[in-house]
Amino acid sequence: MPIQQLPSHLINQIAAGEVVERPASVLKELLENAIDSGAQRIHIDLLAGGMQRVEVVDDGCGIPVAEMPLALTRHATSKIRQLDDLEALASLGFRGEALPSIAAVADVELASRVAGEDHGWLLSLKPGEPMPEARPQPMPVGTRVTVDNLFHQVPARRRFLRTERTEFGHLDTLARRLALSVPQRGMRLTHNGREQWHAPAAHDQRSEEARIAQLVGEDFIEHAVHIDYQAQGISLHGWIARPAFSRAQGDLQHTFINGRYIRDRLLISALKAAYADVLHYSRHPAYLLFLSMDPGSLDVNVHPTKQEVRFRDSRRVFDTLRRSVQEAIAAPLAGYTPAAPAATPDTSPASAAATPPDRAGYAAAAPDAPAAWRVAESGVRLQGDSARALYADAAVPAAVQPQQLAMGERDGVDATPPLGFALAQIHGVYILSQTEKGAVLVDMHAAHERIVLEDLKKRLHGQRQPSQPLLVPQTLEVSVAAADRAEDAMPMLETMGLELRRASDTQLEIRAVPSLLADFDAVALVRDLVSDLGHADAVDLHRVEFAIDRVLGNMACKSGSVKAGRKLDRAEMNALLRKIESTPRSGQCNHGRPTWVELSMDALDRLFLRGR
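Keep in mind that what you see is a predicted model, and the values were worked out from it rather than measured.

Draft legend 1. Looking closely at the overall build of the chain. A tally of helices and strands in the chain yields 19 helices and 22 strands. The buried share of the chain, taken over its 612 residues, is 50%. For the chain, the share of sequence-separated contacts (at least 6 apart) that also reach a separation of at least 24 residues comes to 69%.

Draft legend 2. Structural detail: helix 7 (residues 205-216). Over its twelve residues, helix 7 runs 16 Å from end to end, which matches the ideal 16 Å to within 8%, given 1.5 Å per residue. Two residues or fewer past helix 7, G217 is found with a positive phi of approximately 120°.

Draft legend 3. Quick look at the sheet that holds strand 21 (residues 507-514). Taken in spatial order, the three strands of this open sheet run 19-21-20, and their pairing is antiparallel. Two strands in the sheet have a free side with no partner beyond their single neighbour: strand 19 (467-477) and strand 20 (499-504). In this sheet, adjacent strand axes meet at a mean angle of 20° when their direction is disregarded. Bridge count between strand 20 and strand 21: five bridges; the pairing is antiparallel. In the sheet register, R501 faces strand 21, and the bridge partner there is E509. Across the face of the sheet, helix 15 (residues 480-495) comes into contact with strand 20 and strand 21 while running at roughly 150° to strand 20.

Draft legend 4. Fine view of the packing of helix 6 (residues 164-181) against helix 7. Running from N to C, helix 6 and helix 7 cross one another at 170°; their axes reach a closest spacing of 10 Å. Regarding the angle of helix 6 to helix 7, the classification is roughly antiparallel. Mapping the contact onto sequence places R176, A179 and L180 in helix 6 and R211, I212, Q214, L215 and V216 in helix 7. Its residues assigned to classes, the contact of helix 6 with helix 7 shows five nonpolar, one polar and two charged.

Draft legend 5. A look at the packing of aromatic side chains. Across all of its chains, the model carries three aromatic pairs by this definition. Each member of the aromatic cluster is reached from another via a ring pair, and the members are F256, Y261 and F290. Of note, R177 hangs over the ring of Y261, and the distance from its end group to the ring centre comes to 4.2 Å. A cation over an aromatic ring shows up here: R578 above the ring of F421, its NZ or CZ 5.4 Å from the ring centre.

Draft legend 6. Spotlight on the side chain of H445. Positionally, H445 belongs in helix 14 (residues 444-460). H445 sits in the buried class, given a relative accessible area of 15%. Only 2.9 Å separates the side chain of H445 from the side chain of E449, close enough to count as a polar contact. Apart from the residues within four sequence positions on either side, H445 is in contact with C557, S561, V562, K563 and A564.

Draft legend 7. Fine view of the nonpolar core. One finds L27, L30 and F220 to be the most contacted residues of the largest nonpolar core, which totals 63 residues. In this structure, this core is formed jointly by two domains, domain 1 (8-197) and domain 2 (217-330), each of which donates at least three residues. Apart from residues no more than four positions distant in its own chain, F220 is found in contact with I212, W239, A241, F245, L252, A286, Y287 and L288. Grouped together as the second largest cluster of nonpolar side chains are 33 residues, I80, F94, M293 and F311 included.

Draft legend 8. Examining the sheet that holds strand 22 (residues 596-600) more closely. Strand order in this open sheet of four strands is 16-17-18-22, and the pairing throughout is antiparallel. The sheet is open, and its two borders are formed by strand 16 (421-426) and strand 22, each paired with just one other strand. On average, adjacent strands in this sheet sit at an angle of 20° to one another, irrespective of strand direction. Packed on one face of the sheet, helix 14 meets strand 16, strand 17 (430-434) and strand 18 (438-443) and runs near 70° to strand 18. Taken strand by strand, helix 18 (residues 570-582) contacts strand 16, strand 17, strand 18 and strand 22, and its axis lies near 115° from that of strand 16.

Draft legend 9. Representation of helix 2 (residues 23-36) in the model. Its 14 residues place the ends of helix 2 20 Å apart at the C-alpha level, agreeing with the 20 Å of an ideal helix rising 1.5 Å per residue. Counting buried positions over the 14 residues of helix 2 gives twelve, a clear majority of the element. Considered for burial, the residues of helix 2 that qualify are P23, A24, S25, V26, L27, K28, E29, L30, L31, E32, A34 and I35. Where helix 2 ends, the next residue or the one after it, G38, has phi of about 85°, a positive value.

Draft legend 10. Representation of the environment of A486. Along the chain, A486 falls in helix 15. Residues A486 and R502, 16 residues apart in the sequence, show an inter-C-alpha distance of 8.5 Å.

Draft legend 11. Structural detail: unusual backbone geometry. Of note, the phi angle at N258 is positive, near 50°, even though the residue is not glycine. Locating N258 in the fold gives a position in the loop between strand 11 (253-257) and strand 12 (260-261). The class of N258 is partly exposed, set by a relative accessible area of 30%.

Draft legend 12. A look at the environment of F94. Inspection of the secondary structure assignment puts F94 in the loop between helix 3 (68-71) and helix 4 (98-103). Distance from F94 to A76, taken between C-alpha atoms, is 9.0 Å for residues 18 residues apart in sequence.

Draft legend 13. Fine view of the pairing of strand 8 (residues 194-199). Here five bridges tie strand 7 (residues 186-191) to strand 8, and the two strands are oriented antiparallel to one another. Bridge pairing in strand 8 places T190 opposite E195. Hairpin remark: strand 7 followed by strand 8, antiparallel, with two residues in the connecting loop; positive phi at N192, about 55°.

Draft legend 14. Region of interest: the pattern of salt bridges. Taken as a whole and assessed by the stated rule, the structure comprises 26 salt bridges. Between R22 and E167 there is a salt bridge whose closest N-O contact spans 3.0 Å. Of the two residues, R22 sits in the loop between helix 1 (8-19) and helix 2 while E167 sits in helix 6, which places them 145 residues apart along the sequence. Neither R22 nor E167 differs from the other in exposure class; each is buried.

Each value, and the rule that gives it
- Every chain is numbered on its own, with residues counted from 1 as its sequence reads.
- Residue-level local features of this predicted model are given only where pLDDT is at least 70; pairs of side-chain atoms are given and counted only at 80 or more, and the full residue set underlies all totals for whole chains, interfaces and linings.
- As a rule here, side-chain values come from all non-hydrogen atoms in the structure, and water together with hydrogens is ignored.
- Secondary structure elements follow DSSP: runs of H or I no shorter than four residues count as helices, runs of E no shorter than two count as strands, and numbering proceeds from the N terminus.
- Only protein chains enter the accessibility calculation, which uses a 1.4 Å probe. A residue is then buried if its area is under 20% of the maximum for its type, exposed if over 50%, and partly exposed in between.
- A contact between two residues is defined here by any heavy atoms of the two lying within 4.5 Å.
- An expected span of 1.5 Å times one less than the residue number is assigned to each helix.
- Strands were regarded as paired on the criterion that DSSP finds at least two bridges between them.
- Lines fitted to C-alpha atoms define the axes, with helix axes restricted to the stretch in contact, and inter-axis angles between N-to-C directions lie between 0 and 180 degrees.
- Roughly parallel covers angles under 35 degrees, roughly antiparallel covers those over 145, roughly perpendicular covers 65 to 115, and oblique covers all other angles.
- Residues are grouped as follows: Ala, Val, Leu, Ile, Met, Phe, Trp, Tyr, Cys and Pro are nonpolar; Asp, Glu, Lys and Arg are charged; all remaining types, including Gly, are polar.
- Under the pairing criterion, centres of Phe, Tyr and Trp rings, with the six-membered ring standing for Trp, must be within 6.5 Å; the plane angle then separates stacked pairs below 30 degrees from edge-to-face pairs above 60, leaving the rest tilted.
- Either the NZ atom of lysine or the CZ atom of arginine qualifies as a charge over a ring when it sits within 6 Å of the ring centre and within 35 degrees of the ring normal.
- Any pair of nitrogen or oxygen atoms within 3.5 Å is treated as a polar contact; in protein, a donor-acceptor pairing is required on top of that, and neighbouring residues in sequence qualify only through side-chain atoms on both sides.
- Take the buried Ala, Val, Leu, Ile, Met, Phe, Trp, Tyr and Cys residues and link them wherever side-chain atoms come within 4.5 Å; each set so joined is a nonpolar core.
- For each domain, the first and last residues come from an automatic or database assignment.
- By definition here, a salt bridge exists when the distance from a side-chain nitrogen of Lys or Arg to a carboxyl oxygen of Asp or Glu is within 4 Å.

Rendered as structure tokens:
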């Protein structure tokens, strides 16, 4: 078969295969155009799951009649003029492929009117037909794009479409996602003549939260924490769900960069790392985050769907996102501003000596809380093997006499702390306390696990980790490029206690490992690290730190925390509650399980059908 030039219609159909996969792909392109036009109100109308019709009507700037044929021509766009424009791209679209690709596989009707004209103009184009003349059309300022009979001339593609219900599900998810990206724009969706939802424009945090609750569910916003963070040229704001509101799937994870929805591996890895210490490995976090940065610091021209980006400084993005979310998750309980009492409980040596040995471990000392609530930076002495002995000084704070505080003995305390005051211990496992809103149940072992772990981490992280030399150095075969990357990272790895040496062009020699990881498979650990270094974004250099945290977590669980069945008096229970309130990430234990739950009075009333 001789080489020949393909007809333009066939070229458009081939190009449509990259852009138009299903009705949701059509809607994505039309909505992005509407947003780029500056529209404040957008209406989406669907028929038969988008297979019969996808229509988007906006009140944006409109398209001049002379430019309407160009809008349906490949590689014609108003977004860029030269390559340098991609460095400062502010629009969602820029390729000039969407409308002509859609017109190659469906019937397209384009109607538009610009301000200052008496009427709009209409173009109707069917696949394979020449460009028609525009004709007058009465309409308000804005644009209406109607796409009918998708793939009706491409039966092979149409057979791959699913049921109406399935296709509408994809359309609804896409529309909600784009509605989240532009909270200041009103958006409405109808399907088969029935309104499915209407999201009014939001102009403050309260109305935006109401809009988010409508689009993704009230449960998310009820369990979410608002975050607002600026650092290193990156602005981050949005909502992150508390770890207790985890998901079986990653279906509630939305990240937007400069208004564009992004599903990027680096962002997912950073957020996974932020939640790693508080979330069970089989669960997924939920978040809605907006990042703003210099458009020149990222490349969005990576894939036709424009959902992937490349960052010029991936490490900066990773660290900023991870750190900001970690800090928001780690924030201790707050919400009370009590006055300081007149007297301080007795913490003299004589009083401390009277403490029964099996009840030591809590004390009064927090300077910013009322003396009646205070608890020392203390824990239970850790016992263990030689590896744990390396950290004995850091892991063994002295225990002093617990304060004597019972219900009714709170003179000078003006407000109830977040976790209230202890009432009783249940089967030596749970602590029941009364709060201003209702009651709290605390798993004392899980809570003290977290307290001990955070104390160990605070003392050990940020300093050079002790190393355990290997009696027989182990070798690992890698590629030349991987060995180069590992050699560059050796100074950083040494601060974590991991000592490597390059034995040859393709061999790494493992000479020492962190003492806490002496029982780990050193070859497997280094192999994973080298693999992480091989990624363009190089995001997971915290693998050694995570491994050390896991060991510390096991130490806190098995030898450092209060065990179930141990009897605590009321003063010790209250001291533990105060310590939970001041400890980062205290809502989850080291394994991601909740440490306490609260039952409001309304919830308790519902259990007993009160007021019904």
